[in-house]
Amino acid sequence: MTEIKVPRVFISYSWTTPEHEEWVLDLATRLHADDGVVVTLDKWDLKDGYEIYAFMESMVKADENGEGIVDKVLLICDKGYQQKANNRKGGAGVEAQIVSPEIYQDIKQEKFVPIVVEKDDEGKPYLPTYLNGRKYIDMSSDEVFEQGYEQLLRNLYQKPQYSKPKNGTPPSWLFEEQIPHFKTKNLTKQLRDAIEKNPRRIIGLSEQFKETFFEQLDEFQINKEVLQKEDPLDQLVYERIHSFLPMRDDFIEFVEIQCTNSEKLDIDFFVDFFEQLYRFTEAPREWTSWNDLQFDHYKFLLHELFLYLNTILIKKKRYGDLSILLNRPYFFQTRNGMELQQGSFMYFYQYISSLEEMRKRRLNLNKLSIAAELLIQRTTKKYPKESIVQTDMLLYYFDKIKMDNASYYNWFPKTYPYGTYTKIELLQRLVSEKHFEQVKQLFNVETPNELREIIIKEGQSRTRGYEGGASSIPSIKAHINPENICTVP
């Protein structure tokens, strides 16, 4: 065990009243007898015949080596101590003459510890003038005494309640050429603080987060000047996808904060967020020439953020919010369209041509999907690859059901071959009546029989997968036998 250094203290106080003297004696006894502090007190240590001034001076002053008889001087501050110290009268006045210059020279401000045991009618502590501005320990009432006593012990034994952590290493992203995500990171910190201290700021900070997010994205357009670089277009897209990672993480934290703050998510906010984000997948109106592949990094981010939003809602069992998100109409402002184009969440599935065609061809890569591999590689400890794969699969099923088993579906679960195959928990739990009631809105049904019919019909329809690569996508029946739905109370 580490050797414990026993603290040595001297208690300076005023003989204001017998009750106050008794209070000080009790404090000294508890420190000395119960908690191992070596206490010097006049009642114990000032013997007959001692010169009072010399005794006090020996307690307070340090020698030429900066050391003294005691490590700390406890200044017990009540009204009487304040008056005698300020007027330089009595024992407290004598000590004030010795203590005050020592305090002014105490650069580290560690040796002298003010302890307030009395306050005036306005709640102000009785502190001598030379102690004004010094941090004190409050022991002025029975309600705060024990807290103050613990604070005093921690001070004496140098074991503070809050220790300064070891200095870390500078974050690597500061020295990389990537999005200055510290703007959105700072806003998430402000949001967490607002939840506890000022909830009225949450709406304004959320809007600011959205605006800042898009301002930062705009800085990563692949325009004509960027295209003039020697890097191939697919490489530019690939590097920008990497650069988006800090902002992706800020978005995840933002969604978690929103879920923590409210029982019901502001779906309109997220609908607007993804409608605006979709605009980055097309050329700005002022551009006169472009290649559609110049916006593939935004297409990847759009797809990834929507996957994570849904994954978080599933993990937190926000099924009502999830149902609204998946069934709400979205309106998209296309570049050349005079009117808004209406669509569903399937618009957020994006095929990344620059990676799946150009990059594969240029680097001669024999991969099912570079975009899917990137999604899997970028998963987090809190939201691992299995969670992302299962969300991807669920969006495919919801899309398929919504399209009434048509031969073509918009959402393709590109990550399905990249996870270790496990049955989807949300579907497995359909055996429970309680769980069915929670999630039935996701399938737009009211009764178990309706859902059984949908699953049976979905299982009879054609499934698809990667051409010439992986096995076909499992049907819902691979996760839940429709006959077992709601068989458990």
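Since the model is a prediction, treat every value here as computed from it, not as a measurement.

Caption draft 1: Geometry of helix 12 (residues 267-278). Taking 1.5 Å per residue, twelve residues should reach 16 Å; helix 12 reaches 16 Å between its end C-alpha atoms and fits that length. Most of helix 12 sits inside the fold, with nine of its twelve residues counted as buried.

Caption draft 2: Fine view of the packing of helix 13 (residues 296-315) against helix 17 (residues 385-402). In contact at an axis separation of 9 Å, helix 13 and helix 17 are set at 100 degrees when each is read in the N-to-C sense. On the basis of their axis angle, the class for helix 13 and helix 17 is roughly perpendicular. Contact residues: helix 13 offers His303, Phe306, Leu307, Tyr308, Asn310, Thr311 and Ile314, while helix 17 offers Ser387, Ile388, Thr391, Asp392, Leu394 and Leu395. Residues belonging to the contact of helix 13 with helix 17 are distributed by class as follows: seven nonpolar, five polar and one charged.

Caption draft 3: Broad picture of the pairing of strand 4 (residues 112-116). Among the five residues that make up strand 4, five are buried, leaving the element largely enclosed by the rest of the structure. Going residue by residue along strand 4, you find Phe112, Pro114 and Val116 tucked away on one face and Val113 and Ile115 tucked away on the opposite face as well. Where strand 3 (residues 72-77) meets strand 4, five bridges bridge the pair, whose relative direction is parallel. Bridged to Val73 within strand 4 is Phe112. Pairing of strand 4 with strand 5 (residues 137-138), which is carried by two bridges, proceeds in the parallel orientation. What sits directly across from Ile115, in strand 5, is Ile137.

Caption draft 4: Inspection of unusual backbone geometry at higher detail. Even without being a glycine, Asn444 presents a positive backbone phi close to 55 degrees. Tracing the backbone shows Asn444 in the loop between helix 19 (433-439) and helix 20 (448-460). Residue Asn444 is classed as exposed on the basis of its relative accessible area, which comes to 53%.

Caption draft 5: Quick peek at the pattern of salt bridges. Inspection of the entire model under this criterion finds 27 salt bridges. Between Glu150 and Arg154 there is a salt bridge, with the nearest N and O atoms lying 3.0 Å from each other. A residue pair is termed a helical-turn pair when its members lie 3 or 4 positions apart in one helix, as Glu150 and Arg154 do in helix 6 (residues 142-156) at four residues. On the accessibility criterion, Glu150 (39% relative accessible area) is partly exposed. With a shortest N-O distance of 2.9 Å, Lys440 and Glu437 are connected by a salt bridge.

Caption draft 6: Looking closely at the packing of aromatic side chains. Counted under the stated rule, the structure contains 39 aromatic pairs. An angle of 20 degrees between the planes, with centres 6.1 Å apart, marks the rings of Phe145 and Tyr149 as stacked. Of this pair, Phe145 and Tyr149 both sit in helix 6, four residues apart, which is roughly one turn of that helix. For Tyr149, a relative accessible area of 3% corresponds to the buried category. Across the ring face of Phe269, the terminal group of Lys210 is positioned such that the distance to the ring centre comes to 4.5 Å.

Caption draft 7: Structural view of a negative patch on the surface. Residues Glu211, Glu215, Asp218, Glu219 and Glu286 make up a contiguous surface patch of negative charge. Here Glu211 shows up in helix 8 (residues 202-218).

Caption draft 8: Just the pairing of strand 1 (residues 8-12), in detail. Burial analysis of strand 1 places four of its five residues in the buried class, the great majority of the element. Taken together, the three bridges between strand 1 and strand 2 (residues 38-40) define a ladder with parallel strand orientation. Its bridge partner lying in strand 2, Arg8 is registered against Val38. Where strand 1 and strand 3 come together, four bridges link them in parallel fashion. Within strand 3, the position partnered with Ile11 by the bridge is Leu74.

Caption draft 9: Examining the confidence of the model for the protein more closely. Scored by pLDDT, the protein comes out at a mean of 85, with 87% of its residues at no less than 70. Mean pLDDT values for the elements of the protein range from 61 in helix 5 (residues 90-105) up to 96 in helix 13. Across residues 405-409 the pLDDT falls below 50, and counting only partners more than four positions away or on other chains, this stretch makes 13 contacts in the model.

Caption draft 10: Structural context of the side chain of Asp296. Tracing the backbone shows Asp296 in helix 13. Other than its neighbours up to four places away in sequence, Asp296 contacts Val237, Ile352, Ser353 and Ser354.

Caption draft 11: Focus on the packing of helix 12 against helix 13. Viewed as axis vectors pointing N to C, helix 12 and helix 13 meet at an angle of 165 degrees, and their least axial separation amounts to 10 Å. Taken together, the axis directions place helix 12 and helix 13 in an arrangement best described as roughly antiparallel. Crossing hand, helix 12 versus helix 13: left-handed. When helix 12 is examined against helix 13, the residues Phe270, Phe273, Phe274, Leu277 and Tyr278 are found in contact with a partner set consisting of Leu302, Leu305, Phe306 and Leu309.

Caption draft 12: The arrangement of the sheet that holds strand 4 in detail. Strand order across the open sheet formed by five strands is 2-1-3-4-5, with parallel pairing between neighbours. Since the sheet does not close on itself, it has two edges, and those belong to strand 2 and strand 5, each with one partner.

Caption draft 13: View of the side chain of Asp392. Relative to the assigned elements, Asp392 resides in helix 17. Lacking a salt bridge, the buried Asp392 has Lys414 as its closest oppositely charged neighbour, with an N-O distance of 7.5 Å. Setting aside residues up to four positions removed in sequence, Asp392 forms contacts with His303, Leu307, Trp411, Phe412, Pro413, Lys414 and Thr415.

Caption draft 14: Inspection of the environment of Leu430 at higher detail. Tracing the backbone shows Leu430 in the loop between helix 18 (425-428) and helix 19. For Leu430, a relative accessible area of 0% corresponds to the buried category. Sequence spacing of Leu430 and Leu451 is 21 residues, and the spatial spacing of their C-alpha atoms is 9.9 Å.

Scoring rules and cut-offs
- Residues numbered from 1 in each chain as written.
- Predicted model: local features only at pLDDT ≥ 70, side-chain atom pairs only at ≥ 80, totals over all residues.
- Heavy atoms only, no water.
- Helix = DSSP H or I, 4+ residues; strand = E, 2+ residues; numbered from the N terminus.
- Expected span 1.5 Å × (residues − 1).
- Buried < 20%, exposed > 50% of the residue type's maximum accessible area, 1.4 Å probe, protein only.
- Axes fitted to C-alpha atoms, helices over the stretch in contact; angles between N-to-C directions.
- Parallel < 35°, antiparallel > 145°, perpendicular 65-115°, else oblique.
- Contact = heavy atoms within 4.5 Å.
- Nonpolar A, V, L, I, M, F, W, Y, C, P; charged D, E, K, R; others polar.
- Pairing = 2+ DSSP bridges.
- Salt bridge = Lys/Arg side-chain N within 4 Å of Asp/Glu carboxyl O.
- Phe/Tyr/Trp six-rings, centres within 6.5 Å; stacked < 30°, edge-to-face > 60°.
- Lys NZ or Arg CZ within 6 Å of the ring centre and 35° of its normal.
- Patch = residues over 30% accessible without salt bridge, like charges linked within 9 Å, V, L, I, M, F, W, Y side chains within 5 Å.
- Areas by Shrake-Rupley, 256 points an atom, 1.4 Å probe, with all protein chains shown as cover.
- Lys, Arg positive; Asp, Glu negative; His and termini not counted.
- Charge placed at Lys NZ, Arg CZ, Asp CG, Glu CD.
- pLDDT = per-residue confidence, 0-100.
- Left-handed = near helix turned anticlockwise from the far one by under 90°.

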